Amino acid sequence: MSGAGAPNAAAAIDGSGLNVVIVAGTWHEQITDGLIAGAQRTLEASGATWSLVRVPGSFELPVVSKTALESGADAVVALGVIIRGGTPHFEYVSAAATDGLTRVALDTGKPVGFGVLTLDDEAQGIDRAGLPGSKEDKGEEAAHAALATAITLRELRS
């Protein structure tokens with residue numbers, strides 16, 4: 001299982017004073033909605049303020065994430081679902097989203113919680129979406145990573 005050895009994302013974290021934007025694609029609604037719910041639960045429990053912005057797909061995550069961070073957000077939680085098909089489209093979109101979000105984090109100096117699922121089939125996504133019966137909650141994990149990194153950066157900069 002891919003989650004083996006993962007840190008405890010459910011551990012309490014104090015996000016007070018942090019402004020976080022969830023940027024989420026609209027493809028594969030059931031899985032994406034599960035990811036969003038997990039991120040929202042984590043952000044609410046932390047005390048961070050947050051908002052949700054929807055984008056057409058994972059390809060659009062980097063540019064909207066960059067704008068959110070440049071507009072004052074302390075962190076972004078980027079959520080998307082890309083399911084392998086019969087063409088190279090999967091590889092192009094996966095690489096663009098991953099490389100783009102990495103560049104956004106480095107260019108802005110602010111964290112991007114990476115919650116883009118790259119899957120072979122829908123069942124893998126349902127297993128990772130934090131839905132009833134899911135084995136993992138990647139939305140929760142991405143939000144926790146964004147919060148923890150924002151806190152670390154704030155401490156290093158003070």
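Read on for a plain summary of the structure.

### Some words on the pairing of strand 2 (residues 49-54)
Here is step 1 of the chain: Relative to strand 2, strand 1 (residues 19-24) runs parallel, the two being bridged by six bridges. Within strand 2, the position partnered with V23 by the bridge is V53.
Here is step 2 of the chain: Handedness of the crossover joining strand 1 and strand 2 through helix 1 (residues 29-46): right-handed.

### Remarks on the sheet that holds strand 1
Here is step 1 of the chain: One open sheet holds the four strands; their spatial order is 2-1-3-4, and the pairing between them is parallel. Of all strands in the sheet, those with a lone pairing partner are strand 2 and strand 4 (112-119), marking the two edges. The average undirected angle you get between the axes of adjacent strands in this sheet is 15°.
Here is step 2 of the chain: Of the strand pairs in this sheet, strand 1 and strand 3 (residues 75-83) are connected by five bridges, and their pairing is parallel. Counterpart to A24 in the pairing with strand 3 is L79.
Here is step 3 of the chain: Sitting on the sheet, helix 3 (residues 89-108) is in contact with strand 3 and strand 4, with an inclination near 170° to strand 4.

### Things to note about helix 1
Here is step 1 of the chain: Over its 18 residues, helix 1 runs 26 Å from end to end, which matches the ideal 26 Å to within 8%, given 1.5 Å per residue.
Here is step 2 of the chain: Within the sequence span of helix 1, burial applies to I31, T32, G34, L35, I36, G38, A39, T42, L43 and S46.
Here is step 3 of the chain: Looking at the buried residues of helix 1, the elements they touch are strand 1, strand 2, strand 3, strand 4, helix 4 (122-128) and helix 5 (138-157).
Here is step 4 of the chain: After helix 1 finishes, the residue G47 shows a positive phi value of roughly 90°.

### Topic: the packing of helix 1 against helix 5
Here is step 1 of the chain: Viewed as axis vectors pointing N to C, helix 1 and helix 5 meet at an angle of 40°, and their least axial separation amounts to 6 Å. As summarised for this structure, helix 1 and helix 5 are arranged oblique, according to the angle between their axes. Two packed elements cross with a definite hand, and for helix 1 against helix 5 that hand is right-handed. Residues L35, G38, A39, T42, L43 and S46 of helix 1 form the contact with helix 5, whose own contacting residues are K138, G139, E140, A143, H144 and L147.
Here is step 2 of the chain: Looking at side-chain class alone, the contact of helix 1 with helix 5 contains five nonpolar, five polar and two charged residues.

### Some words on the nonpolar core
Here is step 1 of the chain: By size, the foremost hydrophobic cluster in this structure holds 25 residues, and its most contacted members are L18, V20, I22, V77, L79 and L147.
Here is step 2 of the chain: Among the elements of the structure, strand 1, helix 1, strand 3, strand 4 and helix 5 are those that each provide at least two residues to this core.
Here is step 3 of the chain: The greatest single-element share of this core, amounting to six residues, is contributed by helix 5.
Here is step 4 of the chain: Apart from the residues lying within four places of it in its own chain, the contact partners of V20 are L43, A48, T49, W50, S51, A75, V77 and L147.
Here is step 5 of the chain: Counting residues in each nonpolar core, the second largest holds 16 residues, with V55, A73, A78 and V93 among its members.

### Brief notes about the pattern of salt bridges
Here the idea is simple: oppositely charged side chains can pair when their charged atoms come close.
Here is step 1 of the chain: Applying the stated rule across the entire model yields ten salt bridges.
Here is step 2 of the chain: Across the salt bridge formed by D127 and K135, the nearest N and O atoms sit 3.7 Å from each other.
Here is step 3 of the chain: The exposure class assigned to D127 is partly exposed, which follows from its relative accessible area of 23%.
Here is step 4 of the chain: For K135, a relative accessible area of 57% translates into the label exposed.
Here is step 5 of the chain: The closest approach of N and O atoms between E136 and R128, which form a salt bridge, is 3.8 Å. We note that E136, like R128, is buried.
Here is step 6 of the chain: Residues participating in the shared-partner salt-bridge network are R128, E136, K138 and E141.

About the thresholds
- Residues numbered from 1 in each chain as written.
- Predicted model: local features only at pLDDT ≥ 70, side-chain atom pairs only at ≥ 80, totals over all residues.
- Heavy atoms only, no water.
- Pairing = 2+ DSSP bridges.
- Helix = DSSP H or I, 4+ residues; strand = E, 2+ residues; numbered from the N terminus.
- Right-handed = clockwise from strand over helix to strand, strands pointing away.
- Axes fitted to C-alpha atoms, helices over the stretch in contact; angles between N-to-C directions.
- Contact = heavy atoms within 4.5 Å.
- Expected span 1.5 Å × (residues − 1).
- Buried < 20%, exposed > 50% of the residue type's maximum accessible area, 1.4 Å probe, protein only.
- Parallel < 35°, antiparallel > 145°, perpendicular 65-115°, else oblique.
- Left-handed = near helix turned anticlockwise from the far one by under 90°.
- Nonpolar A, V, L, I, M, F, W, Y, C, P; charged D, E, K, R; others polar.
- Core = buried A, V, L, I, M, F, W, Y, C linked by side-chain atoms within 4.5 Å.
- Salt bridge = Lys/Arg side-chain N within 4 Å of Asp/Glu carboxyl O.

That is the geometry; function is a separate question.
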